Amino acid sequence: MSDQPDDERLEELRKQKMQEMQEQGDQNEAQEQAQQQADAQKQAMLRKHLTDGARKRLNSVRMSKPDFADQVERQVLALAQSGRVSGKIDEDKMKELLRELKPDSKSFNIRRR
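Predicted model, so just to flag it, every value in this text is computed and none were measured.

Contact geometry of helix H2 (residues 52-64) with helix H3 (residues 66-82) gives a least axis separation of 6 Å together with a crossing angle of 145°. Counted together, Leu-58, Val-61, Arg-62 and Ser-64 of H2 and Pro-66, Phe-68, Ala-69, Asp-70, Val-72 and Glu-73 of H3 form the full contact between these two elements. Within the contact of H2 with H3, the residues separate by chemical class into six nonpolar, one polar and three charged.

Once that is clear, we can look at the pattern of salt bridges. Applying the stated rule across the entire model yields seven salt bridges. Where Glu-11 meets Arg-14, a salt bridge forms, and the shortest distance between an N and an O atom there is 3.8 Å. Here Glu-11 pairs with Arg-14, and both are found in helix H1 (residues 3-49), just three residues apart, close to one helical turn. When the shortest N-O distance is used, the salt bridge between Arg-62 and Asp-70 registers 2.9 Å. The network of salt bridges with shared partners includes Lys-42, Arg-62, Asp-70 and Glu-73.

Right, let's talk about the side chain of Glu-73 for a bit. Locating Glu-73 in the fold gives a position in helix H3. Note on Glu-73: relative accessible area 4%, which makes it buried. A polar contact is formed between the side chain of Glu-73 and the side chain of Lys-42, at a distance of 3.0 Å. When near neighbours in sequence (up to four residues on either side) are disregarded, Glu-73 contacts Lys-42, Gln-43, Leu-46, Leu-58 and Arg-62.

With that out of the way, let us pick up a negative patch on the surface. Together, Glu-20, Glu-23, Asp-26, Glu-29 and Glu-32 give the surface a local cluster of negative charge. When you line up the elements, Glu-29 lands in helix H1. In this structure Glu-29 comes out as exposed when scored by relative accessible area, which is 53%.

With that settled, consider the confidence of the model for the protein chain. Mean pLDDT for the protein chain: 87, with 94% of residues reaching 70 or above. H2 holds the highest mean pLDDT among the elements of the protein chain, 93, whereas H1 holds the lowest, 87.

Looking now at the packing of H2 against helix H4 (residues 91-101). Axes are the key here: two packed helices are described by the angle between their axes and the distance separating the axes. One way to put it is that H2 packs onto H4 with a least axis distance of 8 Å and a crossing angle of 35°. The two elements H2 and H4 cross, and the hand of that crossing is right-handed. Across from Gly-53, Ala-54, Arg-57, Leu-58 and Val-61 in H2, the residues of H4 making contact are Glu-91, Met-94, Lys-95 and Leu-98. Partitioning the contact of H2 with H4 into residue classes produces five nonpolar, one polar and three charged.

Core analysis: the largest hydrophobic core is formed by 17 residues, its most contacted members being Leu-50, Val-72, Val-76, Met-94 and Leu-97. When contributions to this core are tallied by element, the ones reaching two or more residues are H2, H3 and H4. Per-element accounting of this core gives the leading share, six residues, to H3. Look past the residues within four positions of Leu-97 in its chain and what remains in contact with it is Val-72, Gln-75, Val-76 and Leu-79.

Here is what the cut-offs are and how they apply
Residues numbered from 1 in each chain as written. Predicted model: local features only at pLDDT ≥ 70, side-chain atom pairs only at ≥ 80, totals over all residues. Heavy atoms only, no water. Axes fitted to C-alpha atoms, helices over the stretch in contact; angles between N-to-C directions. Helix = DSSP H or I, 4+ residues; strand = E, 2+ residues; numbered from the N terminus. Contact = heavy atoms within 4.5 Å. Nonpolar A, V, L, I, M, F, W, Y, C, P; charged D, E, K, R; others polar. Salt bridge = Lys/Arg side-chain N within 4 Å of Asp/Glu carboxyl O. Buried < 20%, exposed > 50% of the residue type's maximum accessible area, 1.4 Å probe, protein only. Polar contact = N/O pair within 3.5 Å; in protein donor to acceptor, adjacent residues only side chain to side chain. Patch = residues over 30% accessible without salt bridge, like charges linked within 9 Å, V, L, I, M, F, W, Y side chains within 5 Å. Areas by Shrake-Rupley, 256 points an atom, 1.4 Å probe, with all protein chains shown as cover. Lys, Arg positive; Asp, Glu negative; His and termini not counted. Charge placed at Lys NZ, Arg CZ, Asp CG, Glu CD. pLDDT = per-residue confidence, 0-100. Left-handed = near helix turned anticlockwise from the far one by under 90°. Core = buried A, V, L, I, M, F, W, Y, C linked by side-chain atoms within 4.5 Å.

Now the structure itself:
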């Protein structure tokens with residue numbers, strides 16, 4: 001008879017745990033959906049303000065330096081949102097922007113004695 005209350009308590013704990021896991025899963029799903037929506041909006045803005053050549057150049061940069069490409073995207077979006085972009089950014093303007101944002105390269109002088 002003493003096993004009965006323990007079994008009921010155990011079943012109640014299982015139900016609570018399942019409910020918590022389900023709620024956590026719903027929250028994760030909502031976060032993923034919000035992230036996907038934000039990415040879609042970002043891509044739409046980039047398509048609107050970049051020509052095909054500029055997008056190709058940015059994708060080429062992304063292959064070798066993903067962090068730098070993210071920085072360039074943020075800069076392009078900031079320029080577009082502030083209204084400082086007139087028309088679309090073409091490949092030449094993208095080259096100029098990449099040069100401006102390029103991190104300073106470090107040079108090393110090796111001297112032998």
